[in-house]
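Now for the letters of each chain:
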Amino acid sequence: MKKIFIFGYYGFKNTGDEAILSSIIDTLKKIDPNIIISALSYSAQYTEALHNIKAISRNNLREIVRAIKEADLVISGGGSLLQDVTSNRSLIYYLGIIYLAKKMNKKVMFYGNGIGPINKSISKYLINRVANKVDMIAVRDYNSLIELKSLGINKNIEVTADATFVLEPANKNRVKEILDNQGIPTDKPLIGVSVRPWRNDDSLKRALSKFGDYVTEKNMNILFIPMQPSRDIPVSREICESMKNRAYIIEGELNPREVMGLIGHMDILVGMRLHALIFAAGTSVPMLGIEYDPKVKSFLDIIEQVNLGTVMEIDETKIRTEFDRLWHNRKDNRNRLQQVNQNLKNKAEKNGILAYNLIK
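Residues numbered from 1 in each chain as written. Predicted model: local features only at pLDDT ≥ 70, side-chain atom pairs only at ≥ 80, totals over all residues. Heavy atoms only, no water.

### Describing the pattern of salt bridges
Defined as follows: One side-chain nitrogen of Lys or Arg within 4 Å of one carboxyl oxygen of Asp or Glu is enough to make a salt bridge. Under the DSSP-based scheme used, a helix requires at least four consecutive residues in state H or I and a strand at least two consecutive residues in state E, with every element numbered from the N terminus. Buried, partly exposed and exposed residues are distinguished by accessible area as a fraction of the type maximum, computed with a 1.4 Å probe on protein chains only: under 20%, between the cut-offs, and over 50%, respectively.
All told, the structure shown has 22 salt bridges when counted by the stated rule. The partner of lysine 345 in a salt bridge is glutamate 168, with the nearest N and O atoms 3.5 Å apart. With lysine 345 in helix α14 (residues 330–357) and glutamate 168 in the loop between β7 (157–159) and α7 (172–181), the pair connects residues that are 177 residues apart, well separated along the chain. Here lysine 345 falls in the partly exposed class, since its relative accessible area comes to 22%. Salt bridges sharing partners connect three or more residues here, namely Asp201, Asp202, Lys205 and Glu238.

### Some points on the sheet that holds strand β4 (residues 73–76)
Our working definition: Here the rule is simple: two strands pair whenever DSSP picks up at least two bridges between them. Axis angles are defined between N-to-C directions and span 0 to 180 degrees, where every axis is a line fitted to C-alpha atoms and, for a helix, only to the segment in contact. Only heavy atoms matter for contacts: two residues are in contact if any of them lie within 4.5 Å across the pair.
Judged by pairing direction, the sheet is parallel, and its seven strands sit side by side in the order β3-β2-β1-β4-β5-β6-β7 without closing on themselves. Each edge of the open sheet is held by one strand with a lone partner, namely β3 (54–57) and β7. Taking the axes of each pair of neighbouring strands and ignoring which way they run, one obtains an average angle of 25° across the sheet. Bridge analysis of β4 against strand β5 (residues 107–113) gives four bridges, and the strand direction is parallel. Its bridge partner being in β5, valine 74 is matched across the sheet by valine 108. This element, helix α6 (residues 142–150), spans β5, β6 (136–139) and β7 of the sheet and lies at about 165° to β7.

Written out as C-alpha cells, the structure reads:
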C-alpha cells in the first residue's frame, strides 16, 4: 500500500486549511481507497479526530523524519505556505521539510498551492534552491505560476485549482439544525459576512458596521461566519456591537463541510477570508470580496466576482452600491457561478491525478 505524508497549516482550527486537508484526503481516497495518509499538525489529536488519519506533531522532529522516510510521496498541501508576508520562519520550516524529503530521495508535490507574496531576498534564494527539486508543481492560479517563474523555477508548472473545490457541503437538514440551535432566524434573506482581523482595519470595521445596519433596515439579516473562530469571532463581535440593529454570529467550532453548508445557505456573502469566498463559489452564492492579500484578488479575478478593494480602500458607500447591484443581478450571478464551479472542480480533481501518477 502506498503512503503519503501531507504537510500544511493544519491543527490550528482554521476552516480553510482544514478544508484543504479534507479535500486532499477525499480526492486521493477516491482514486485509491487503500492509500495510507498522514499529516503534519499543530494539534495531532484534533487532526486525527477531524480527519480520521494519523497526525504528526509539528514539534516532533523524530516523528516527522520517520513519516517522510516511510512515505512514497510528500505533499505540500495547498494554501499559501510559501510566502514571507507574516514572517519567513514558517516558509523556512516548510522548505526544510521539502529539502529533507528530497535528501531522502522522496517524491514531492506542490498540491494546488498558492505562492507569494515573496519579498525578502533570502526567501527568494531559498525557494529557488528547493522548489527546483520538486517533482510536480501544481498551483491554484496563474499569479502563483508567474511568481514561481520570476523566482527562477524552471520546472513544468501545472495551473489547477484550490483543492477545496471538491468538498461537498453539509446537507440542508444539518444546516437548518445549526441555525435553529444558535437562534438564527431564517424568515428573511440572510447576508453572510466573513471577516478577519487585519492591521489598520478600523475603517473596514466602521464600514461593515454601517453596511450591517443598511442591510437590516432593508428587512434582511446579517450573519457573521468565522473561519477561524479564535481570531474571527472577536472582530465580528466588535462590528456587531457598533451596529444600531441586531446582527448574528455563528458561535463555536464547526467542521469545514458545515461551514460550507452555512455559506451555501446565504443569499449573498461579503467575504474577506479566501476560503469563505471559495465556499461561496462552490455553492453558487453571489459574493463581494475584500482584498487583504493578493490571493483574494487573484481568486475574484478567476471567478469574475466583485472586488471591493483593499482593507484600506473600503467605504460604506461602495459596499452599499455594489451590494444593491449584486442583489438586483443575483440570479444571473448564481447561474454564472454554477458554470465556473464545475470547471474549477475538474481542475481541483486533477491535483489528485497528478499526485497519484507520481506513485502508481
